[in-house]
Amino acid sequence: VPKQSGLYIIEARSQDARGNEIITDTYFYASGSDYVAWERTDDDRIELIADKKEYKPGQTARIIVKNPYEEATAMISIEREGVMQHWRTKLKGSAPEISVPLSERSLPNVFVSVVLVQGRMMKKTDLNQLTDVGRPSFKIGYVQLNVDPGTRHLKLTTSSDKQNYKPGDEVTLNLAVKDANGNPAQTEVTISVADKGVLNLIGYTLPDPFEAFYGPRPLAVSTTESRAQIVLARSFSEKGEDEGGGGGMDLGGIATRGNFKYTAYWNSSARTDSTGSLTVKFKLPDNLTTFKIMAVAQSKKSEFGYAENSFTVSKPLLLQASLPRFARVGDSFEAGVVIHNYSTESGAVSLKTTSKGIQFKGKEIVEFKLAAGESKEIRQQFEAQRVGKATFTFQAAMQKETDGLSVSIPIQVPRQKEVVAQYDAITASLESKIVVPKETYADLGSVEFTAASTALTGLENSIDYLFSYPYGCIEQKASSVLPIILGRQMVEAFGFEALKGKDAKSVVTSTLREFKTFQTYNGGFSYWPGDGRDSPYASAFVVYVVAQARRNGYRVNEDMFAGGVEYIKGVLRNQDNMPNYPYSYNSWAGTKTLVLYTLALIGQPEPAYYETYLKNLDRIPLFAKANLLKAISASTKNKQMMQAITTNLINSIKLNPSSAHFEEPNAKGLEWCWNSDVRTTAIILQALLETKGFPGDKADLPAKVVKWLMLQQKSGRWDNTQENVYVVDALATYFKRYEKDEPKFKAEVSVAGKAILSKMFSGRSLKIEKTSQALTMFEEGKELLLQSKKDGPGILYVGVRMAYYPKSPAQLRDEGIAVLKTMEPLRQTESKWDGKTFAPGTIVKVTLRVVTPQQRNFVVVDDPLPAGLEAVNTSLQTESSELGQMLASIQSEEQGYRWWGTFNHHELKDDRVLLFADELTTGVHTFTYLARATTFGKFLMPATHTEMMYEPEIFGHTSGGQIEVK
């Protein structure tokens, strides 16, 4: 190893696959020292020097090329997203100059590439010579030229006719746009006038579109030299809601503010006139705040500009609500308003308070004095007694100044709702019993009776469950719309509460749009928006739902769909390249067969895989076989293959004297595919019905399978979203095929001899007759005779569904998962804390501990907040950074280095905090969040509940309680 400084050549000898010798020369520079440092020199680079750092469109750049050759052929190109221009010339001397004309097309920058090529200079006569000094050679150089984009910069100004307004005033905005030369510009302008207080929550500032479009762009061209196959391999690129009160002073004539909007005005495509001017007018909402004017302009010539301004909305006498975000029946609290005197004089204030939907226990009119610039909080006593919306109205007067405020909050149920249901098919008459439970909130509960001429009425609760499921991961959103997609007529006939006032098709379209927020960079889908971790099976299910939506005439995001299709194709072919997924062979087979069925539905079948799975038919899950059967039926219709699968499935059935179902023989790993025997049975039933796979000698099997499925219902539905969506699909397919008799009968339903429902059914119809009675109409704890009868041909389907709320608080339960909850002040003082009382403003540390004796998948923890507390969102810019740092430190200590096998998603809501875990490993899992005590009063604290979303029989919850803020 030489220690003398200098350029050295290291020769590397190797052999290719055929034994041919390969000789490679690599150039290094050695710097002389006791310890030799080796630096590789890129011998194929040349330097290009531009005469300026920045140019304007229309100028010519002069570039000096440091030429190592006496004479060489130069291949010159102007590049960026592609090659924009190129030519060839001869260069002589050591520093020749080239000229590059720059135009508007060159904005904001271009790259100039110069490749110098020289042929062989001399023959290689000595075959034993290691280095071919005279071999053909080339050199390459790049230089970036920055072109001033100022000619494309628009100057946009905005102004309002006044700087200060009152609520409900009309605002006139004037906008003017000029180009870079100061001339009026005709442009399209997007205008937003938003509440600055809301924008400040996330520190939002309007981005400059000019920078986005005319900031420096990277080089997207790679240059390779074919001669490198002879010389040296190189690749070159440049990186770049009870009334209360009465009497007293008449303040009722004061107008109240209740029209609150965070966006006062929005226009996505306003246009300036020939003078570059634009005027818009709008009426202000009732917010008392600073509104921020934000405008972005663009022209047909791709010119851009933006501007910001602001104005305030205020009153000399101003009321600001001091209320909880919600309340529960049983809560009693102090709430009211903060009165601000922004005038320059003191005065006597009269404040009137009224309410609806909540019991007001205070004084209707309160009088007090308020100094100039002073603020005062006036609190009154309220008690929530029934579910609904509570509306608070405050009206104040001080001399000539007045203000009024009307604010609503929801009043929620105090306990978790419990539902029991029964459904019967009646050919003549039937008697049964119903019992209204004791110790319930009778005014909150109800009994609903339904009568229909189709058994599809038995699916009502299942579909309603899909619509109302409270947690919104990607599977649950997709499952909620699939029944509408596959049977919109049936769904609309039920008249679900979730769809009242809405068009079913628009509900689907809106939900489909949300899917994009779950899509990851590679086209797959994650369980939660922005999570970034794709799930193969969830992605396959989402693409299947979108595919069915397209087939049934719904508009979908085609780019999103195309990305999803490419992703599932990759799943199909590249299992070995997805090592991060805890999938077993079972999981992959379940995933890939769903992919095969989806691809067949969209006309892109992959029949080559059918044979592969047929050869391993006994290894794959039963529901995977059903998917494979439907894939073949939807594409090749190969009768031999379909018969093989059908026979295998029929042979796998579990028969009882009056029912039949399917069970997966090996369910290992299928938790990732949301597996259950109910779901598997439903998928197979639907597949065999769709493909007419039940043989003649097995014609009784469908009815037996249907009976088993109906027996698995709990509270009129099945356990989880996947079971409900697939059972609804299977039973809808079955009823359409097997309900043959046209109904024509009169139906009557009575309870304890009192007629509840009477209706004539004639002809085939999905219409369902409903009536609902409050629990107060029935005697608690007594058996009541329910009589149902019909007269005429057809079958009467009767349903009774009772919903009630128990008064007794929940008791601690551990049914496979335990959850514990502790609350304490974040900062303990010297005085002893009693464990349930918090001072207003206290930051409360809430700690949830979930204990599981074995691995659980897809776990949710639902932790209701007492109405007197609000969860602290430390991600908001308006929140204390110190609190954020303290919470981050606590959570980091709890989780350690674990990023998988614990809670991976959480949501902070007004009334609860939700935790989710795709996988929960054996042991104790801890999660801490912060809440702030905001409202004086006594508040119920419902039990914290945890369950497996796809196996809800495995659950746990804490006991209920109460806290006080005083």
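What comes next concerns the included structure.

Rules behind the numbers
Residues numbered from 1 in each chain as written. Predicted model: local features only at pLDDT ≥ 70, side-chain atom pairs only at ≥ 80, totals over all residues. Heavy atoms only, no water. Helix = DSSP H or I, 4+ residues; strand = E, 2+ residues; numbered from the N terminus. Buried < 20%, exposed > 50% of the residue type's maximum accessible area, 1.4 Å probe, protein only. Areas by Shrake-Rupley, 256 points an atom, 1.4 Å probe, with all protein chains shown as cover. 1 Å grid on protein atoms, 1.4 Å probe; cavity = no way out; pocket = protein on both sides within 12 Å on 5 of 7 lines; lining within 4 Å. Points joined across faces, edges and corners; volume = space filled by probe spheres on them. Pairing = 2+ DSSP bridges. Axes fitted to C-alpha atoms, helices over the stretch in contact; angles between N-to-C directions. Contact = heavy atoms within 4.5 Å. Expected span 1.5 Å × (residues − 1). Core = buried A, V, L, I, M, F, W, Y, C linked by side-chain atoms within 4.5 Å. Phe/Tyr/Trp six-rings, centres within 6.5 Å; stacked < 30°, edge-to-face > 60°. Lys NZ or Arg CZ within 6 Å of the ring centre and 35° of its normal. Salt bridge = Lys/Arg side-chain N within 4 Å of Asp/Glu carboxyl O. Polar contact = N/O pair within 3.5 Å; in protein donor to acceptor, adjacent residues only side chain to side chain. Nonpolar A, V, L, I, M, F, W, Y, C, P; charged D, E, K, R; others polar. Parallel < 35°, antiparallel > 145°, perpendicular 65-115°, else oblique. Left-handed = near helix turned anticlockwise from the far one by under 90°. Patch = residues over 30% accessible without salt bridge, like charges linked within 9 Å, V, L, I, M, F, W, Y side chains within 5 Å.

**With respect to the overall build of the protein chain**
In terms of regular secondary structure, the protein chain is built from 15 helices and 53 strands. Counting across all 966 residues of the protein chain, residues that qualify as buried make up 50%. Carbon and sulfur atoms make up 47% of the accessible area of the protein chain, which amounts to about 46100 Å² in all.

**What about the layout of surface pockets?**
The space that makes up the second largest pocket amounts to roughly 1600 Å³. For the second largest pocket, the lining is made up of 38 residues, of which Tyr262, Gln320, Ala321, Arg325 and Glu870 are closest to its centre. At the level of secondary structure, the elements contributing two or more residues to the lining of the second largest pocket comprise α1 (196–201), β22 (317–322), β30 (401–412) and β46 (869–871). It is β22 that provides the largest number of residues to the lining of the second largest pocket, a total of five residues.

**Re the sheet that holds strand β4 (residues 48–50)**
Spatially, three strands are ordered β4-β6-β9 in an open sheet, and the strand pairing comes out antiparallel. Two strands bound the open sheet, and with one partner strand each, they are β4 and β9 (97–101). Averaged over all pairs of adjacent strands, the angle between strand axes in this sheet comes to 30°, irrespective of strand direction.

**Description of the side chain of lysine 569**
Tracing the sequence through the fold places lysine 569 in helix α7 (residues 558–573). If sequence neighbours within four positions are ignored, lysine 569 has contacts with Leu599 and Gln604.

**Let's talk about helix α10 (residues 622–634)**
A rise of 1.5 Å per residue sets the reference length of α10, with its 13 residues, at 18 Å; its end C-alpha atoms lie 19 Å apart and thus fit the reference within 8%. Among the residues making up α10, those that are buried are Leu622, Phe623, Ala624, Lys625, Ala626, Asn627, Leu628, Leu629, Lys630, Ala631, Ile632 and Ser633. In this fold, the buried residues of α10 make contact with α6 (536–551), α8 (585–601), α9 (608–615), α11 (639–651) and α12 (677–690).

**With respect to the nonpolar core**
Among the nonpolar cores identified, the biggest contains 113 residues, and Phe515, Phe541, Val545, Leu685 and Leu731 are the most heavily contacted of them. The greatest single-element share of this core, amounting to 11 residues, is contributed by α6. Excluding residues within four positions of it along the chain, leucine 731 makes contact with Leu456, Leu459, Leu685, Val706, Leu709, Met710 and Trp718. Within the second largest apolar cluster, 60 residues are counted, among which are Leu323, Ala327, Val366 and Tyr805.

**Describing the packing of aromatic side chains**
All told, the structure shown has 29 aromatic pairs when counted by the stated rule. The interplanar angle of 90° and the centroid separation of 5.4 Å between the aromatic rings of tyrosine 469 and tyrosine 471 together place this pair among those described as edge-to-face. The two residues tyrosine 469 and tyrosine 471 agree in class, both being buried. Plain terms: the ring middles of phenylalanine 541 and tryptophan 674 are 5.7 Å apart, the flat faces sit at 85° to each other, and that makes the pair edge-to-face. Linking phenylalanine 541 in helix α6 with tryptophan 674 in the loop between β35 (660–661) and α12, this pair joins segments that are 133 residues apart in sequence. Each member of the pair, phenylalanine 541 together with tryptophan 674, is buried. Three or more aromatic residues joined by ring pairs make a cluster, and in this case those are Tyr527, Tyr537, Phe541, Tyr544, Tyr583, Trp588, Tyr597, Trp672, Trp674, Tyr726, Phe858 and Tyr950. The ring centre of phenylalanine 623 lies 4.8 Å from the NZ or CZ of arginine 679, which sits over that ring. Across from the ring centre of tyrosine 441, 5.9 Å away, lies the NZ or CZ of lysine 807, which sits over that ring.

**Quick look at the pattern of salt bridges**
When charged atoms on two side chains of opposite charge get close, those side chains can pair. Scanning the entire structure with this criterion turns up 35 salt bridges. Here glutamate 815 ties to arginine 813 by a salt bridge, and the two come within 3.0 Å at their closest N and O atoms. In this structure glutamate 815 comes out as partly exposed when scored by relative accessible area, which is 36%. Residue arginine 813 is classed as partly exposed on the basis of its relative accessible area of 36%. Residue lysine 821 is joined to aspartate 863 by a salt bridge in which the shortest nitrogen-to-oxygen separation is 2.8 Å. One end of the pair, lysine 821, is in strand β42 (residues 818–825); the other, aspartate 863, is in strand β45 (residues 856–864), and 42 residues separate them in sequence. A cluster of three or more residues bridged by salt bridges with shared partners is formed by Arg80, Glu81 and Arg217.

**Looking at the environment of glutamine 359**
Tracing the backbone shows glutamine 359 in strand β26 (residues 359–360). A relative accessible area of 23% means that glutamine 359 is categorised as partly exposed. Separated by 23 residues in the primary sequence, glutamine 359 and phenylalanine 382 have C-alpha atoms spaced 5.6 Å apart.

**Regarding α11**
The end-to-end C-alpha distance of α11 is 18 Å, a good match for the 18 Å that 13 residues give at a rise of 1.5 Å each. For α11, the set of buried residues is Met641, Met642, Ile645, Thr646, Asn648, Leu649 and Ile650. Those residues of α11 hidden inside the fold are in contact with α9, α10, α12 and α13 (701–711). The opening residue of α11 is asparagine 638, an N-cap whose side-chain oxygen sits 3.1 Å from the backbone nitrogen of glutamine 640.

**Quick look at the sheet that holds strand β38 (residues 769–774)**
Taken in spatial order, the four strands make up an open sheet running β31-β40-β33-β38, and their pairing is antiparallel. Of all the strands in the sheet, just β31 (418–426) and β38 have a single pairing partner and so form its edges. Adjacent strand axes in the sheet meet at a mean angle of 15° when their direction is disregarded. Sheet analysis places β31 next to strand β40 (residues 796–804), joined by nine bridges and oriented antiparallel.

**Some points on empty space enclosed by the protein**
As a volume, the largest cavity reaches approximately 40 Å³. Forming the boundary of the largest cavity are Tyr544, Leu594, Tyr597, Asn627, Lys630, Ile683 and Tyr726. Contributing elements (two or more residues each) for the lining of the largest cavity: α8 and α10. Here the residues of the lining of the largest cavity sort into five nonpolar, one polar and one charged. Computed from the structure, the second largest cavity encloses a volume of approximately 30 Å³. In terms of lining, the second largest cavity is formed by Tyr423, Glu448, Thr450, Glu460, Asn461, Gly799, Val800 and Arg801. Every element with two or more residues in the lining of the second largest cavity is listed here: β33 (446–452), α3 (460–468) and β40. Per-element accounting of the lining of the second largest cavity gives the leading share, three residues, to β40.

**Some thoughts on the packing of α13 against helix α14 (residues 721–738)**
A packed helix pair is summarised by two numbers, namely the angle formed by the two axes and the spacing between the axes. Direction vectors running N to C along α13 and α14 enclose 140°, while the axes themselves pass 11 Å from each other. Between α13 and α14, the interaxial angle falls into the category oblique. In terms of crossing hand, the pair formed by α13 and α14 is left-handed. Packed against α13, whose contacting residues are Pro702, Ala703, Val706, Leu709 and Met710, the element α14 presents Val727, Leu731, Tyr734 and Tyr738 at the interface.

**Describing a nonpolar patch on the surface**
Together, Val198, Leu201, Ile202, Tyr204 and Tyr262 make up a nonpolar patch on the protein surface, roughly 470 Å² of accessible area in all. If you trace the backbone, leucine 201 turns up in helix α1. With relative accessibility at 32%, the residue leucine 201 sits in the partly exposed group.

**A look at the side chain of aspartate 863**
With a relative accessible area of 0%, aspartate 863 lands in the buried category. Of the polar contacts made by the side chain of aspartate 863, one reaches the side chain of tyrosine 929; its length is 2.4 Å. At 2.5 Å, the side chain of aspartate 863 and the side chain of threonine 944 are in polar contact. Apart from the residues lying within four places of it in its own chain, the contact partners of aspartate 863 are Lys821, Val846, Leu848, Arg912, Val913, Tyr929 and Thr944.

**Side note on the packing of α7 against α8**
For the pair α7 and α8, interaxial distance at closest approach is 9 Å and the crossing angle is 135°. The orientation of α7 with respect to α8, classified from their angle, is oblique. By crossing handedness, the relation of α7 to α8 is classed as left-handed. Seen from α7, the contacting residues are Val565, Ile568, Lys569, Val571 and Leu572; seen from α8, they are Trp588, Thr591, Lys592, Val595, Leu596, Thr598 and Leu599. The class makeup of the residues in the contact of α7 with α8 is eight nonpolar, two polar and two charged.

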